[in-house]
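Commentary on secondary and tertiary structure
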Amino acid sequence: MSTDGNVYRLSIVIPTYRRPEALARTLAALERQTAGPFEVLVVDDPVEDDPAAVAAVVAAERRPFAVRHLHRSARGVSAARNAGWRAARAPLVLFLGDDVVASPRLVAEHVEWHARRGGPRVGVLGHVRWAGELRVTPFMRWLDRGIQFDYSGLTGDQATPFNLYTANVSLPRELIAAAGGFDEERFPFLYEDLDLGYRLGELGLRLLYNRRAVGEHLHPTTIAEWERRMASTAPAERRWVELHPELPAYFHDKLAGAAAERRSLGWGRPLLRWLGPDGGPVGRRAWASADRYYLQRLAPGFLAAWEDAADAPREPRAADRADVAPLDAAADLRGGGRG
């Protein structure tokens, strides 16, 4: 039983940063859930955000669930998520992006899978797709093939700790505590999901993929935004491979390889709207062309920042202070992923 006298099955932790409109829709979607009771903990940045605006959204109307407004005390989304799960009153913690609109059964799917198949070392990964109201560009579709998320690489209901995308994932609170939570110092933002997943894997985490626990990602994006994001990703990945030299430098190797290839004009990009990478010879050629083109666009900023990070101090950069600027980390990179 919690300190307020209620018994919660789930605590939902939502870090937020400068997006009160998106947060309002995320909270409204939670009002339509078919399962409960649960509580919601919204964690803001009291220094670089407007806590009054967040408070107004949280208290906008009477909600059918308990909701608390918390502040993170350090920079970065890792600190925000740590503040949330540490204040959680339920044995299960669901991390949700502030721009992820939950389907009505999202909470039920998480809770039921933990009840039927869970245990002290079992997590449940939900599915995140682009919101139906968005115009999904070829670039946005490309991101879903191993850059932002990699659900397409999952078969059946088994995922790996490297698929710990905190845009929509639930974990036992005690397991998070045993791992020490998110690393606020080394990975304040970007690669924080992967780092926690790795440490949870060492503790025996078994991550199940429930594609019916659906959240819609209400966050259109552009390649220009991702060029900036990848420049911020490079120092985080460099820290990651220094910490784990036995593991590959995923983005560095991918982007450096593309940069060394003949320049692509990306003729196949428009076809990504209709063809998948398995869509026969034309689909495979279109995706290969688009893949090389997009990687070559993202490579220069990343590779330059990678080299700059060699002698850079470990103090978090300004971009590390928020989980959603310029993009959602919940979203996060592959494997949230990587941030």
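Below is a summary of the structure that appears in this document.

**As for the nonpolar core**
- Counting 52 residues, the largest nonpolar core has Ile12, Leu27, Leu30, Val40, Phe95 and Leu125 as its most contacted members.
- If we skip the residues at most four places from it in the chain, Val40 touches Ile12, Ile14, Leu27, Leu30, Phe65, Ala66, Val67 and Arg68.
- Phe187, Phe189, Leu218 and Phe302 belong to the second-largest nonpolar core, a separate cluster that totals 42 residues.

**Overview of the sheet that holds strand E5 (residues 100-102)**
- The sheet built from eight strands is open, its strands ordered E3-E2-E1-E4-E7-E6-E8-E5 with mixed pairing. Here the strands that pair on one side only, and so sit at the sheet edges, are strand E3 (66-71) and E5. Geometrically, the sheet is characterised by an average inter-axis angle of 30° between neighbouring strands, direction not taken into account.
- Here E5 pairs with strand E8 (residues 206-217) via three bridges, running antiparallel. Opposite Val100, over in E8, you have His217 as the bridge partner.
- Against the sheet, helix H4 (residues 106-117) touches strand E1 (10-15), strand E2 (38-44), strand E4 (92-96), E5, strand E6 (122-130), strand E7 (168-172) and E8, its axis set at about 170° to E8.

**Observations concerning the pattern of salt bridges**
- Summed over all chains, the structure comprises 20 salt bridges.
- Between Glu227 and Arg297 there is a salt bridge whose closest N-O contact spans 3.1 Å. Taken together, the residues span a long stretch of sequence, with Glu227 in helix H8 (residues 223-243) and Arg297 in helix H10 (residues 280-308) at a distance of 70 residues.
- Within this structure, Arg105, Glu109, Glu112 and Arg212 form a network of salt bridges that share partners.

**Quick look at H4**
- The end-to-end C-alpha distance of H4, which contains 12 residues, comes to 16 Å, matching closely the 16 Å that a straight helix rising 1.5 Å per residue would cover.
- What H4 keeps buried is the set Leu106, Val107, Ala108, Glu109, His110, Val111, Trp113 and His114.

**What about the pairing of E3?**
- In terms of strand pairing, E2 meets E3 through six bridges, oriented parallel. Its bridge partner being in E3, Asp44 is matched across the sheet by His71.
- Handedness of the β-α-β unit built from E2, helix H2 (residues 51-58) and E3 comes out right-handed.

**Looking at the pairing of E8**
- Note: E6 against E8, eight bridges, orientation parallel. Note that in E8 the partner of Gly123 across the bridge is Leu207.

**Digging into the packing of aromatic side chains**
- With the rule as written, the count across this model stands at 16 aromatic pairs.
- Between Tyr250 and Phe251, the ring centres sit 5.0 Å apart and the planes meet at 80°, which makes this aromatic pair edge-to-face.
- Aromatic ring contacts, followed pair by pair, group Phe162, Phe187, Tyr191, Tyr198 and Trp240 into a single cluster.
- The ring of Tyr293 carries the charged tip of Arg269 above its face, separated from the ring centre by 4.0 Å.

Cut-off values and rules
Residues numbered from 1 in each chain as written. Predicted model: local features only at pLDDT ≥ 70, side-chain atom pairs only at ≥ 80, totals over all residues. Heavy atoms only, no water. Core = buried A, V, L, I, M, F, W, Y, C linked by side-chain atoms within 4.5 Å. Buried < 20%, exposed > 50% of the residue type's maximum accessible area, 1.4 Å probe, protein only. Contact = heavy atoms within 4.5 Å. Pairing = 2+ DSSP bridges. Helix = DSSP H or I, 4+ residues; strand = E, 2+ residues; numbered from the N terminus. Axes fitted to C-alpha atoms, helices over the stretch in contact; angles between N-to-C directions. Salt bridge = Lys/Arg side-chain N within 4 Å of Asp/Glu carboxyl O. Expected span 1.5 Å × (residues − 1). Right-handed = clockwise from strand over helix to strand, strands pointing away. Phe/Tyr/Trp six-rings, centres within 6.5 Å; stacked < 30°, edge-to-face > 60°. Lys NZ or Arg CZ within 6 Å of the ring centre and 35° of its normal.

This is a description of form; function is not addressed.
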